[in-house]
Amino acid sequence: MNSENRDKLRDEASSDENKSYVSPAVIKRLPRYYRYLRELLQNDILRISSGELSKLMHVTASQIRQDLNCFGGFGQQGYGYNVKYLYGKIGEILGVSHNFSAVIIGSGNLGRALAASPIFERRGIRLTALFDNSPDVIGKEISGYTVKSMDELEEYCKNNTVNIAVLTLPKTVVRETAEQLADMGIKGLWNFASTEIDLTHKGVVTQNVHMGDSLMTLCYELTK
């Protein structure tokens, strides 16, 4: 038995022992797999081995197999991975096929930039509205959306399904706003304010994004 086959058997055994638990580290890597697979499809590459994928992503082939085995494997010995199939399955795992809807709360520079980007559409999320509390912004059109007043938010949530609220607010008001959104039934928060939010006690899932942390990590790497 060659070393690659031994690695695969070891990975499969490890997967069988841990199928009931998927580590946060694996979950964090899934969007990266999704992004690379999308690029492969755009380049008309329809089949790839774990070794070839590892060279692109700078992740070991064993790690790739272990990660994917958490969800069933998807590969075929001697064939590798069907890129289109794997892309679709990872999209399903990540909820791309759920057609989640989102609103942006805060229509300043960052809110405008997010509204103008393809980030939502590429991940199967429908951006449906922008909200703000500034009279200078309310009623203006941004990327095809007419900015609504925060006073309209509760009524909007009653009449429309909103799964995700994107928070681009000052940290002085983000906690209060997050509590209000949770009470309105929104279960997902993508928080860009420079403060942590945790509403798990209300059944709300939050991703706190700290762009400054990423920049500081880059600066650290430059000092090495």
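Residues numbered from 1 in each chain as written. Predicted model: local features only at pLDDT ≥ 70, side-chain atom pairs only at ≥ 80, totals over all residues. Heavy atoms only, no water.

## Quick word on the layout of surface pockets
Gaps left between atoms show up when a probe the size of a water molecule is rolled over them.
Turning to step 1, where the next piece is worked out: Approximately 1500 Å³ is the volume attributed to the largest pocket.
Turning to step 2, where the next piece is worked out: Taken together, 32 residues make up the lining of the largest pocket; nearest its centre are P31, L94, R123, W190 and Q207.
Turning to step 3, where the next piece is worked out: Of all the elements in the fold, those that place two or more residues in the lining of the largest pocket are α2 (24-42), α5 (83-93), β9 (188-191) and β10 (205-208).
Turning to step 4, where the next piece is worked out: Residue composition of the lining of the largest pocket, grouped by class: 18 nonpolar, seven polar and seven charged. (1 Å grid on protein atoms, 1.4 Å probe; cavity = no way out; pocket = protein on both sides within 12 Å on 5 of 7 lines; lining within 4 Å. Points joined across faces, edges and corners; volume = space filled by probe spheres on them. Helix = DSSP H or I, 4+ residues; strand = E, 2+ residues; numbered from the N terminus. Nonpolar A, V, L, I, M, F, W, Y, C, P; charged D, E, K, R; others polar.)

## Points about the confidence of the model for the protein chain
Turning to step 1, where the next piece is worked out: Summing up the model confidence of the protein chain, the mean pLDDT is 89 and the portion of residues at 70 or higher is 91%.
Turning to step 2, where the next piece is worked out: Every residue in residues 1-19 scores below 50 in pLDDT, and together they form 17 contacts with partners more than four places removed in sequence or on other chains. (pLDDT = per-residue confidence, 0-100. Contact = heavy atoms within 4.5 Å.)

## Quick word on the sheet that holds β10
Turning to step 1, where the next piece is worked out: Pairing is parallel across the open sheet formed by six strands, whose spatial order is β7-β4-β3-β8-β9-β10. Each end of this open sheet is capped by a strand with a single partner; those strands are β7 (148-149) and β10.
Turning to step 2, where the next piece is worked out: Sheet strands in contact with helix α6 (residues 109-116) are β3 (101-105), β4 (126-132) and β8 (164-167), and its direction is about 155° off that of β3. (Pairing = 2+ DSSP bridges. Axes fitted to C-alpha atoms, helices over the stretch in contact; angles between N-to-C directions.)

## Let's talk about the pairing of β9
Turning to step 1, where the next piece is worked out: One ladder, built from four bridges, connects β8 with β9; its direction is parallel. Counted as the bridge partner of A165 is L189 from β9.
Turning to step 2, where the next piece is worked out: Alignment of β9 against β10, held across four bridges, turns out to be parallel. Opposite W190, over in β10, you have Q207 as the bridge partner.

## Focus: the nonpolar core
Turning to step 1, where the next piece is worked out: In terms of nonpolar packing, the biggest core is built from 21 residues, with V103, I105, A165, L167, L181 and L189 touching the most fellow members.
Turning to step 2, where the next piece is worked out: Element by element, the count of residues in this core is highest for helix α8 (residues 171-183), at four residues.
Turning to step 3, where the next piece is worked out: Aside from chain neighbours lying at most four places away, what touches L181 is I105, L153, A165, L167, I186 and L189.
Turning to step 4, where the next piece is worked out: Counting residues in each nonpolar core, the second largest holds 18 residues, with Y33, L40, V59 and F74 among its members. (Core = buried A, V, L, I, M, F, W, Y, C linked by side-chain atoms within 4.5 Å. Buried < 20%, exposed > 50% of the residue type's maximum accessible area, 1.4 Å probe, protein only.)

## Focus: the environment of N191
Turning to step 1, where the next piece is worked out: Tracing the backbone shows N191 in strand β9.
Turning to step 2, where the next piece is worked out: Relative accessible area serves as the criterion here: at 0%, N191 is assigned to the buried category.
Turning to step 3, where the next piece is worked out: N191 sits 86 residues away from I105 along the chain, and the two C-alpha atoms are 9.8 Å apart.
Turning to step 4, where the next piece is worked out: When residues no more than four places from it in sequence are discounted, the contact partners of N191 are L167, V174, I197, T206, Q207, N208 and V209.

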